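Here's the letter readout for the chains.
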Amino acid sequence: MSDFDSNPFADPDFSNPFQEPPGNAPKAPPAPPQNTQPAIMKPTEEPPAYSQQQTQDQARAQAELLRRQEELEKKAAELDRRERELQSHGAGGRKNNWPPLPEKFPVGPCFYHDIAVDIPVEFQKTVKIMYNLWMFHTGTLFVNMFGCLAWFCVDATRGVDFGLAMLWFMLFTPCSFVCWYRPLYGAFRSDSSFRFFVFFFVYICQFGVHVLQSIGLTSWGTCGWIAALTGLNTSVPVGIIMLLIAALFTALSVGSLIMFKKVHALYRTTGASFEKAQQEFATGVMSNKTVQTAAANAAANAASNAARGNFKPTP
């Protein structure tokens, strides 16, 4: 069989120069060691880890959404309550509820006062603070009356101060409510420029009175600083009481100044102006039935007098 495999036409002396001798055959390179562990692909970029700051931001955003939802629910509940309030009043109108007096009292309430119903939500806090400031003013005048009474008990010549203290309490309590708190209440309720100007004018005068009461001039019926130091020379316990009342008047003056600035800042955001106040005043005067009746009577009298003058017979 080997004879059939050989080439009969080949030269027996021919040798292949490119053929390596049998003993110098190249060895195959050793096979690389096989890794028996499973293949793991390493990502080129690691995913960003959630930091604590991102978690806090998400928590704050969720809390903000919950807070807004609560505010919307409160506003919806307030609107529903206002609607029920208006429906309950019916055609008869709203009944006065201030001051809260007993039903058997001979005098009934004079005003309707409900901040949650009448005042917009963004102004309710300011109106409540002003109402509390008015109550604080009333309480200070009430305590001042007893301070002057104690001063009168240790010094018989201070009867004028005690009498004036009672007069200030009975006069300033209703006048302050009607003259500056009610205009402020109505201004925020109906966005009235005229009522804002009434409040500013009266409240500036009220602030001046608070400053004078804090000073405490003698024979003015107030336990201010001068009167308290004078009473301290007469009686130490009475002087201490008067010093505390002087501190109340001082706190009342400071609070009045702060709230005046706050109300003025809110007034500038409402779009009110002096021109609108003039228009509201003119409209209110011309729509008043009493003014209309007086104007009609004056016009009728003038026309009748003119007619009598024209038809007066000549001599």
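Here, the structure is the one placed above.
Residues numbered from 1 in each chain as written. Predicted model: local features only at pLDDT ≥ 70, side-chain atom pairs only at ≥ 80, totals over all residues. Heavy atoms only, no water.

A. Representation of the overall build of the chain. For the chain, the count of helices and strands is 10 helices and 0 strands. Along the chain, from the amino end to the carboxyl end, the secondary structure elements read α-α-α-α-α-α-α-α-α-α. Classification of the 315 residues of the chain by burial places 26% in the buried group. The contacts in the chain between residues at least 6 apart in sequence include a share of 64% that link residues at least 24 apart. (Helix = DSSP H or I, 4+ residues; strand = E, 2+ residues; numbered from the N terminus. Buried < 20%, exposed > 50% of the residue type's maximum accessible area, 1.4 Å probe, protein only. Contact = heavy atoms within 4.5 Å.)

B. How the structure looks around the pattern of salt bridges. One pass over the structure, following the stated rule, counts 5 salt bridges. Between R67 and E64 there is a salt bridge whose closest N-O contact spans 2.4 Å. One end of the pair is R67 and the other is E64, both in helix α2 (residues 52–89) and 3 residues apart, which spans about a single turn. Residue classification places R67 among the partly exposed residues on the basis of a relative accessible area of 37%. (Salt bridge = Lys/Arg side-chain N within 4 Å of Asp/Glu carboxyl O.)

C. Focus on a nonpolar patch on the surface. Residues V211, L212, I215, L217, W220 and I226 make up a contiguous nonpolar surface patch of about 460 Å² in total accessible area. It is helix α6 (residues 193–215) that provides the largest number of residues to the nonpolar patch, a total of 3 residues. Mapped onto the elements, I226 comes out in helix α7 (residues 225–234). (Patch = residues over 30% accessible without salt bridge, like charges linked within 9 Å, V, L, I, M, F, W, Y side chains within 5 Å. Areas by Shrake-Rupley, 256 points an atom, 1.4 Å probe, with all protein chains shown as cover.)

D. A look at the packing of helix α4 (residues 121–154) against helix α8 (residues 236–269). In contact at an axis separation of 9 Å, α4 and α8 are set at 160° when each is read in the N-to-C sense. Looking at the two axes, α4 sits roughly antiparallel to α8. As α4 packs across α8, the resulting crossing turns out to be left-handed. Split by residue class, the contact of α4 with α8 holds 20 nonpolar, 7 polar and 1 charged. (Axes fitted to C-alpha atoms, helices over the stretch in contact; angles between N-to-C directions. Parallel < 35°, antiparallel > 145°, perpendicular 65-115°, else oblique. Left-handed = near helix turned anticlockwise from the far one by under 90°. Nonpolar A, V, L, I, M, F, W, Y, C, P; charged D, E, K, R; others polar.)

E. Inspection of the packing of aromatic side chains at higher detail. The tally for this structure, following the rule as stated, stands at 26 aromatic pairs. Look at W98 and W134: their rings are 5.7 Å apart centre to centre, the planes differ by 65°, and that puts the pair in the edge-to-face class. With W98 in the loop between α2 and α3 (115–118) and W134 in helix α4, this residue pair connects regions lying 36 residues apart in the sequence. For the pair formed by W98 and W134, the shared burial category is buried. Aromatic side chains F152 and F162 sit 6.3 Å apart centroid to centroid with 5° between the ring planes, which places their arrangement in the stacked category. (Phe/Tyr/Trp six-rings, centres within 6.5 Å; stacked < 30°, edge-to-face > 60°.)

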